[in-house]
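Structural features, examined
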Amino acid sequence: MHFSPFFFFTTFIDIDTSTATKTQEIKSMLTRIKKHLEYVVSITFGAFLGFLFIGIPLLKDWLIKREDIWRLEDRSDAIPKLNVQTSIYGNHKTLIINGKTFHYVEAGNVHGPLILFIHGFPEFWYSWRYQLDGLKDMNHHLVAIDMRGFGGSYKPRDLEAYNPDHLLADIRSFIQELSPNGRAACVVGHDWGGIISWAAAAQSWECDHADQSGYMERLVILNGPHTLVMSNNFTQKFSNAFYALNLKHLIKHPRQAIRQSWEHVLPCFKQILMSYYIFIFRLPFSIGEKWIMSRDLGIMDHYVGGIPAEHITPDDVEIYKATYSSDNYASVTCSLNYYRSEALTGMYDGQRARGIKQVGFIGIPTLVIWGEKDIALNKEMCLDNLEKYVTNLTIVRVPEADHFIQQQCPEKVNDLIRKFITSKGNLRDIDGNSN
């Protein structure tokens, strides 16, 4: 997509003035204008943030510390060794889906009910190692997948390959192929895996509600937003801020009006700043790739390496780096394509196209486990009004946990998942911190 100074002119002169087509063409024109403006704003903001968070630190390291910031270790022969090294957590397997090869690791009873674990960024199946090990006695079939573009799975570089239809089809295919009854006893998603799991659960509920063919029985989300909830919260909070600044209130109580308005929009601005990396990832000229690969994949040291030392070792960080180094660093570009595609904004377009009245609605039992120290996701934007989309909902807040909660608090997460899947009564009694 590009922005041309002649865009508005050519758009207007192309409009057919006939009554039958005028309204539709005006809507189409406005949609194109909106997309171009969004692109311009995104690139401008991303360029500013890129200079602030990438340019200045890298320039400082290069000029002052004299570091070789573009040096990359040779890890080309590491993957076969890693597969042997990590086999203590389960068996490495592959699955062919529509001619594409996907990698996964399984543990537990392979003939039991399926529990599917879906990772986020910058991760792969290994982020679920504590769950594969800690829940293998549940008599369930535990499967941690590498999503397309990650780890040992199919790595297309084309953006279209990451549209929501493909991502959701992958999950449904995994479930149908690996479950004895074509249904998952539970899907557990984190970060991007959470975003996709929310949409898959909505799609499954849509099918279940219509013809009893739903493919998901329970859902667990770990620090992953329902994108419709987040979008609606943005809209609602800005609307509330606007109404707080009504003229009468502003004249009588100006300070109070401004303070109330600011309190409404503050979570929105916090989330925008917390999501700074998304704007950088969407910049042209492979700037996102250069950032991730700088300092020998330093992002792994910064984010993954920030997990408490008792739950991650230097060897674990090296496993992440080696996996992202494989296939000539294909996982770096492919993982960023999730942010560059329509996946963030179009996850529910399929439901809209099918005429579903309650888009994004989920009726299956759902457990949300949320690390409240998350530096990437604002809890207000992600959790407020969630119950409007999820009727059978339990939220457990973990104050001491950050974004990578399943690795930071594995015993806590495992205990909650175990209780949730085996519970038959009131799900709100799972944990004392639930609400």
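Calculation criteria
- Here the residue numbering is sequential within each chain, running from 1 through the sequence in written order.
- Whole-chain, interface and lining totals are the exception, using all residues; otherwise, since this is a predicted model, local features are given only for residues with pLDDT of at least 70 and side-chain atom pairs are given and counted only at 80 or more.
- Hydrogens are left out, water is left out, and the side-chain values use all remaining heavy atoms of the structure.
- UniProt positions are given in the numbering used here, feature names are shortened, and annotations may be inferred rather than shown by experiment.
- Each helix corresponds to a stretch of at least 4 residues labelled H or I by DSSP, and each strand to a stretch of at least 2 residues labelled E; elements are numbered beginning at the N terminus.
- The globule rule is 2.2 Å times the number of residues to the power 0.38, and the radius of gyration it is compared with is taken over C-alpha atoms.
- For every residue, the accessible area obtained with a 1.4 Å probe (protein chains only) is divided by the maximum for its type, and the residue is called buried under 20%, exposed over 50%, and partly exposed between those limits.
- Two residues qualify as a contact provided that any one of their heavy atoms is within 4.5 Å of a heavy atom in the partner residue.
- In short, Shrake-Rupley with a 1.4 Å probe defines the accessible areas, and a residue's cover is counted only from the protein chains shown.
- His is not counted, nor are the chain ends, whereas Lys and Arg count as positive and Asp and Glu as negative.
- A single reference atom marks each charge: NZ on Lys, CZ on Arg, CG on Asp, CD on Glu.
- Criterion used throughout: strands pair if DSSP finds at least two bridges between them.
- Between N-to-C directions, angles cover 0 to 180 degrees, with each direction set by a line fitted to C-alpha atoms, over the stretch in contact for helices.
- We call a set of buried Ala, Val, Leu, Ile, Met, Phe, Trp, Tyr and Cys residues a nonpolar core when their side-chain atoms join them within 4.5 Å.
- Domain delimitation in this document rests on an assignment produced automatically or drawn from a domain database.
- A crossover gets the label right-handed when its path from the first strand over the helix to the second runs clockwise, viewed with the strands pointing away from the viewer.
- Polar contact is defined as a pair of N or O atoms within 3.5 Å, subject to the rule that within protein one atom must be able to donate a hydrogen and the other to accept it, and that residues adjacent in sequence are counted only when both atoms are side-chain atoms.
- By convention, a stacked pair of Phe, Tyr or Trp rings (six-membered ring in the case of Trp) has centres within 6.5 Å and planes under 30 degrees apart, an edge-to-face pair has planes over 60 apart, and any other such pair is tilted.
- Here, a charge over a ring is recorded when the distance from Lys NZ or Arg CZ to the ring centre is within 6 Å and its angle to the ring normal is within 35 degrees.

As named in an unreviewed UniProt entry, the chain is Alpha/Beta hydrolase protein, taken from Gigaspora rosea. Turning to the chain, the UniProt annotation filed under Sequence similarities (unreviewed entry) states: "Belongs to the AB hydrolase superfamily. Epoxide hydrolase family."

Our focus in this paragraph is the overall build of the chain. Counting its regular elements, the chain contains 16 helices and 8 strands. Its C-alpha atoms give the chain a radius of gyration of 23 Å, near enough to 22 Å, the size a compact globule of 435 residues would have. With the C-alpha coordinates aligned to their principal axes, the bounding extent of the chain is approximately 65 × 60 × 50 Å. Residues counted as buried form 52% of the 435 residues belonging to the chain. Sequence separation of 24 or more characterises 77% of the internal contacts of the chain that already satisfy a separation of 6 or more. With an accessible surface of roughly 20900 Å², the chain has 57% of that area assigned to carbon and sulfur atoms. For the chain, the separation between the mean place of its 44 positive charges and that of its 47 negative charges on side chains is 7 Å.

To continue, consider the sheet that holds strand β1 (residues 91–97). Reading across from one edge, β1-β2-β4-β3-β5-β6-β7-β8 is the order of the 8 strands in this open sheet, with mixed pairing throughout. Whereas interior strands pair on both sides, the edge strands pair on one side only; in this sheet they are β1 and β8 (393–398). Sheet twist, expressed as the average angle between the axes of neighbouring strands with direction ignored, equals 20 degrees. Inspection of the sheet shows strand β3 (residues 114–118) paired to strand β4 (residues 141–145) by 4 bridges, in the parallel sense.

Another point: the nonpolar core. Ranked by internal contacts, the top residues of the largest apolar core, which has 119 residues, are Phe-121, Trp-192 and Met-347. In terms of residues, this core owes the most to one element, helix α12 (residues 314–340), which gives 11 residues. Each of domain 1 (7–13 + 20–65) and domain 2 (75–424) contributes no fewer than three residues to this core.

Take the pairing of β3 next. Burial runs high along β3: 5 of the 5 residues are buried. In β3, alternate side chains face the same way, and those of Leu-114, Leu-116 and Ile-118 on one face and Ile-115 and Phe-117 on the other are all buried. Handedness of the β-α-β unit built from β3, helix α4 (residues 129–134) and β4 comes out right-handed. In this structure, β3 lies alongside strand β5 (residues 184–190), joined through 5 bridges in parallel fashion. Bridge pairing in β5 places Ile-118 opposite Gly-189.

Along the chain, Asp-170 turns up in helix α5 (residues 164–178). Within the structure, Asp-170 has its side chain in polar contact with the side chain of Arg-148 (distance 2.6 Å). For Asp-170, the residues in contact, after removing those within four places along its chain, are Ile-97, Phe-102 and Arg-148.

For Ser-325, the position within the fold is in helix α12. Separated by 58 residues in the primary sequence, Ser-325 and Pro-267 have C-alpha atoms spaced 36 Å apart. Among all residues touching Ser-325, those that are not within four sequence positions of it are Arg-75 and Leu-297. One polar contact links the side chain of Ser-325 to the main-chain carbonyl oxygen of Lys-321, over a distance of 2.6 Å.

Scanning the model with the defined rule gives 26 aromatic pairs in all. Taking the centre distance of 5.8 Å and the plane angle of 25 degrees together, the rings of Trp-262 and Phe-269 count as stacked. Judged by its relative accessible area of 46%, Trp-262 falls in the partly exposed class. Between Tyr-276 and Trp-291 the ring centres are 6.2 Å apart and the planes differ by 50 degrees, which places this aromatic pair in the tilted class. Separated by 15 residues along the polypeptide, Tyr-276 in helix α10 (residues 276–281) and Trp-291 in helix α11 (residues 287–302) bring together distant segments of the chain. Judged by relative accessible area, Tyr-276 falls into the buried class, the value being 16%. On the basis of relative accessibility, which here comes to 14%, the residue Trp-291 falls in the buried class. Ring pairs connect the aromatic residues Phe-121, Phe-150, Tyr-162, Trp-192, Tyr-276, Tyr-277, Phe-281, Trp-291, Tyr-338 and Tyr-339, which therefore count as one cluster. The residue whose ring lies beneath Arg-218 is Phe-420, and the NZ or CZ to ring-centre distance is 5.3 Å.

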